[in-house]
Amino acid sequence: MIERWAYVLLLVMVSAIVIPKSVLAADCRSSPDTKVDWSGCYKRQLMLGGSNLNGANLYDSDLSFTDLSSANLQAADLEKATLIRTLLSGSKADGAKFDRIEAYRSEMSNMSAVDATFVSAEMQRVNLKGANLTGADFTKAELGRVNFEKAILTGSKFVLANMSRVNLTSARIDGAADFEEAFMFRTRIAGVDLSTAKGLKQDQIDLTCGDSNTRLPPGLKPSPDWPCQEE
């Protein structure tokens, strides 16, 4: 009798365990398609260039070394996804969610990520050259050595972001891009027009690497250490 009640109690405990809805819904074997649910799936080293993943659920998926160049990722959820050396060049990711991603040396050049979010993203040495990041939110993101050369950063947010050694050369920064409390150690702003940027303070500018062609907001002045010595 005691063993029977122990068994019943075990069944009750198991039935009470809440399994995340994403785990129950994910279909890791399904083909790439709009709104596909690959949450938590292992999708490394795949050739998915040009795929239509509009609105896809890629939460916590591993897409490392996967080719997603020219893919449609608009409104896709990539929160917490692993994107190590992932190829996203030329992709369309407007409105996509990249919050808390882990990206190292990912190729995102010329991608369109208008109004996308990268909140608290871990991005190291990522190439975003020529990307359209209008209205993108990089709040609290780790952006060490990220390349934003020639990127469109109109109205983008970098509040509390770590921008150490970020390259902003020839980036378009207007529409009140916000750099409030961003850490800008040796951030490359030579020739960059920051005149309409907001949130910048003199102590931030003093850490950057600019030159005589750098334009600053009213009230700020060039660092006496400009131009920086080559490392």
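Residues numbered from 1 in each chain as written. Predicted model: local features only at pLDDT ≥ 70, side-chain atom pairs only at ≥ 80, totals over all residues. Heavy atoms only, no water.

Attention now moves to the layout of surface pockets. What the largest pocket holds in volume is close to 420 Å³. Contributing to the lining of the largest pocket are 17 residues, with Arg 186, Arg 188, Cys 209, Glu 230 and Glu 231 lying nearest its centre. Looking at side-chain class alone, the lining of the largest pocket contains six nonpolar, five polar and six charged residues. (1 Å grid on protein atoms, 1.4 Å probe; cavity = no way out; pocket = protein on both sides within 12 Å on 5 of 7 lines; lining within 4 Å. Points joined across faces, edges and corners; volume = space filled by probe spheres on them. Nonpolar A, V, L, I, M, F, W, Y, C, P; charged D, E, K, R; others polar.)

According to the stated counting rule, one finds five salt bridges in the structure shown. A salt bridge links Arg 44 to Asp 62, with the nearest nitrogen and oxygen atoms 3.2 Å apart. Within this pair, whereas Arg 44 is found in the loop between helix H2 (21-25) and strand E1 (102-104), its partner Asp 62 is found in the loop between H2 and E1, the two being separated by 18 residues in sequence. On the basis of relative accessible area, Arg 44 is assigned to the partly exposed category, the value being 25%. Where Arg 100 meets Glu 79, a salt bridge forms, and the shortest distance between an N and an O atom there is 2.5 Å. Pair noted here: Arg 100 is in the loop between H2 and E1 and Glu 79 is in the loop between H2 and E1, with a separation of 21 residues, a long-range link. By sharing partners, the salt bridges in this structure join Glu 79, Lys 97 and Arg 100 into a single network. (Salt bridge = Lys/Arg side-chain N within 4 Å of Asp/Glu carboxyl O. Helix = DSSP H or I, 4+ residues; strand = E, 2+ residues; numbered from the N terminus. Buried < 20%, exposed > 50% of the residue type's maximum accessible area, 1.4 Å probe, protein only.)

Turning our eyes to something else, we now look at the confidence of the model for the chain. A low pLDDT means the predicted coordinates there should not be read in detail. When pLDDT is averaged along the chain, the result is 91, and 89% of the positions lie at 70 or above. In this model, residues 6-24 is a region of pLDDT below 50 whose contacts with residues beyond four sequence positions or in other chains number three contacts. (pLDDT = per-residue confidence, 0-100. Contact = heavy atoms within 4.5 Å.)

Tallying each qualifying case throughout the model produces seven aromatic pairs. Both rings, one in Phe 138 and one in Phe 158, keep their centres 5.1 Å apart while their planes meet at 0°; by these two values the pair is stacked. Note that Phe 138 is positioned in the loop between strand E2 (122-124) and helix H3 (202-205) and Phe 158 in the loop between E2 and H3, a separation of 20 residues in sequence. Across this residue pair, the class does not change: Phe 138 and Phe 158 are buried. Note on Phe 148 and Phe 158: the rings are 5.7 Å apart at their centroids and 85° apart in plane angle, and the pair reads as edge-to-face. With a gap of ten residues between them, Phe 148 in the loop between E2 and H3 and Phe 158 in the loop between E2 and H3 connect regions that are remote in the sequence. (Phe/Tyr/Trp six-rings, centres within 6.5 Å; stacked < 30°, edge-to-face > 60°.)

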